Amino acid sequence: MKNIFERKWTQEVGILLFSFILFTLNDWILIATWKSLFLGTIYFSFLYAHAQFNRYYILPILLKKHNPYLFIFLTLLALAIFALGLNYLAHSVLYNNCFLHKDQSKLNYQYQIGVLLGSYICIIGTTKIFEYYRQQKDADSKELLSRKNQIDLLNKQLNPHFLFNTLNTIYGLSIKYPEKTPEAIMKISDLLRYQVENSNKDLVSLEEEISFIQSYIEIEKERVGYRCKIEFDYQIDEPHHRYIAPMIVFTFVENAFKHGTSNIEKCFIKIDLNVRNGILTLRISNSLPSKNNGRLSTKMGLENTKARLKMIYPGTHLIKVEPAEHAFETFLEITL
């Protein structure tokens, strides 16, 4: 039913019937016989033809050619010509056959101009409102489709980026603890499976995303836990009813490990995740390395996630990523 009323032809028919009732079944044309109905239809045809003539031939001069002076001149000229025809119809036919009230004032030329102006504003105004509505709906649909395509592209870019970083994790673990590498590979396999299965979803359970993050932290503890103090605390109200775009929070956690542990010095990573009343707050603090161990960084993950945040949570998120004293601070707030 909604689709029917949103179609152009349905709206046009609706405007036609509405304006016919408004300007024909009024207080001075008596529709009592088929003849009077026919005469009333002719009367309305003048009004409707005048409005449509202006809509298709005169109004574009103002809207497309931006010529207001020619528009005003042609509008007044068309109004005068149609008023002459309507005035002749009222005197010669309508007054003698279907006038409900014998009111001489409704036979003058000025009255016909007033009726034409009223019908013109009513028909054209309603038509333009519906046209604007259809244009806005089409524009919104195109924007949503474009945004969806961009998000899908960004999600696909996460796949090789995540694989790149997990391979670096395995490489680092194999050097320090080669005996732990097979088990780590199995855990990373589970992470990759989750990432592949969920990257194309619009939303995932926040519980699943946190479980994914916990598994990743356990792997990183095997690699750098001997020299890095790692804390992960989270509190979620209504955990079974919270959903988030996949890999949003994880990217910031991964970024903290990638840069906060990229040296042989003592380091730390503190992650605090809180969800209250539908507002997610993430605070991450990681140590600033004095030197880098040479691990490559594509910088794709963080920039990718910022772009996704702008598209998925426009106007409902706040992000700050900046260095502080002896640490790198990340703050993220999202209205889920």
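Refer to the preceding data block for the structure.
Remember, it's a predicted structure, so these values are computed and weren't measured experimentally.

K.L.:
Let's hear about the packing of aromatic side chains: which residues, and what values?
P.N.:
Inspection of the entire model under this criterion finds eight aromatic pairs. Note on Phe53 and Phe82: the rings are 6.3 Å apart at their centroids and 45° apart in plane angle, and the pair reads as tilted. Residue Phe53 is found in helix α3 (residues 34-63), and its partner Phe82 is found in helix α4 (residues 68-97); the two are separated by 29 residues along the sequence. Judged by relative accessible area, which is 35%, Phe53 ranks as partly exposed. Aromatic ring contacts, followed pair by pair, group Tyr194, Phe212, Tyr216, Phe250 and Phe257 into a single cluster.

K.L.:
Describe unusual backbone geometry, and please don't skip the residues or the numbers.
P.N.:
A positive phi angle, near 55°, is found at His66, a position not held by glycine. Mapped onto the fold, His66 is located in the loop between α3 and α4. Residue Met247 is not a glycine yet carries a positive backbone phi of 70°. Mapping Met247 onto the fold places it in the loop between β3 (243-244) and α8 (248-260).

K.L.:
An account of α8 is requested, with residue identities and associated values reported.
P.N.:
With 13 residues, α8 should cover 18 Å at 1.5 Å per step; its first-to-last C-alpha distance of 19 Å lies within 8% of that length. With twelve of 13 residues buried, α8 lies mostly within the body of the structure. Those residues of α8 that fall on the buried side of the exposure criterion are Ile248, Val249, Phe250, Thr251, Phe252, Val253, Glu254, Asn255, Ala256, Phe257, Lys258 and Gly260.

K.L.:
Give me the lowdown on a nonpolar patch on the surface, citing residues and values where you can.
P.N.:
On the surface, Leu70, Phe73, Leu77 and Ile81 cluster together into a nonpolar patch covering about 380 Å² of accessible area. Within the fold, Leu70 resides in helix α4. Its relative accessible area of 36% is what places Leu70 among the partly exposed residues.

K.L.:
Tell me about the side chain of Glu209, and please be specific about residues and values.
P.N.:
As for its position among the elements, Glu209 is in helix α7 (residues 206-224). With no salt bridge to any partner, buried Glu209 finds its closest opposite charge in Arg308, at an N-O distance of 7.2 Å. Residues contacting Glu209, with those up to four places away along its chain left out, are Tyr194, Val204, Ile244, Pro246, Met247, Ile248, Val249 and Phe250.

K.L.:
For the pattern of salt bridges, give the residues involved together with the corresponding values.
P.N.:
Considering all chains together, one arrives at eleven salt bridges under this definition. Across the pair Lys270 and Glu231 runs a salt bridge, and its minimum N-O distance is 3.5 Å. Here Glu231 lies in strand β2 (residues 228-236) and Lys270 lies in strand β4 (residues 267-276), a separation of 39 residues in the sequence. Given a relative accessible area of 36%, Lys270 falls into the partly exposed group. A relative accessible area of 28% places Glu231 in the partly exposed class. For Asp233, the salt bridge identified is with Lys270, shortest N-O distance 4.0 Å. Within this pair, whereas Asp233 is found in strand β2, its partner Lys270 is found in strand β4, the two being separated by 37 residues in sequence. On the basis of relative accessibility, which here comes to 38%, the residue Asp233 falls in the partly exposed class. Connected through salt bridges with shared partners, the residues Glu12, Arg55, Lys128 and Glu131 form a single ionic network.

Criteria and cut-off values
Residues numbered from 1 in each chain as written. Predicted model: local features only at pLDDT ≥ 70, side-chain atom pairs only at ≥ 80, totals over all residues. Heavy atoms only, no water. Phe/Tyr/Trp six-rings, centres within 6.5 Å; stacked < 30°, edge-to-face > 60°. Helix = DSSP H or I, 4+ residues; strand = E, 2+ residues; numbered from the N terminus. Buried < 20%, exposed > 50% of the residue type's maximum accessible area, 1.4 Å probe, protein only. Expected span 1.5 Å × (residues − 1). Patch = residues over 30% accessible without salt bridge, like charges linked within 9 Å, V, L, I, M, F, W, Y side chains within 5 Å. Areas by Shrake-Rupley, 256 points an atom, 1.4 Å probe, with all protein chains shown as cover. Salt bridge = Lys/Arg side-chain N within 4 Å of Asp/Glu carboxyl O. Lys, Arg positive; Asp, Glu negative; His and termini not counted. Contact = heavy atoms within 4.5 Å.

Structural measurements only, silent on function.
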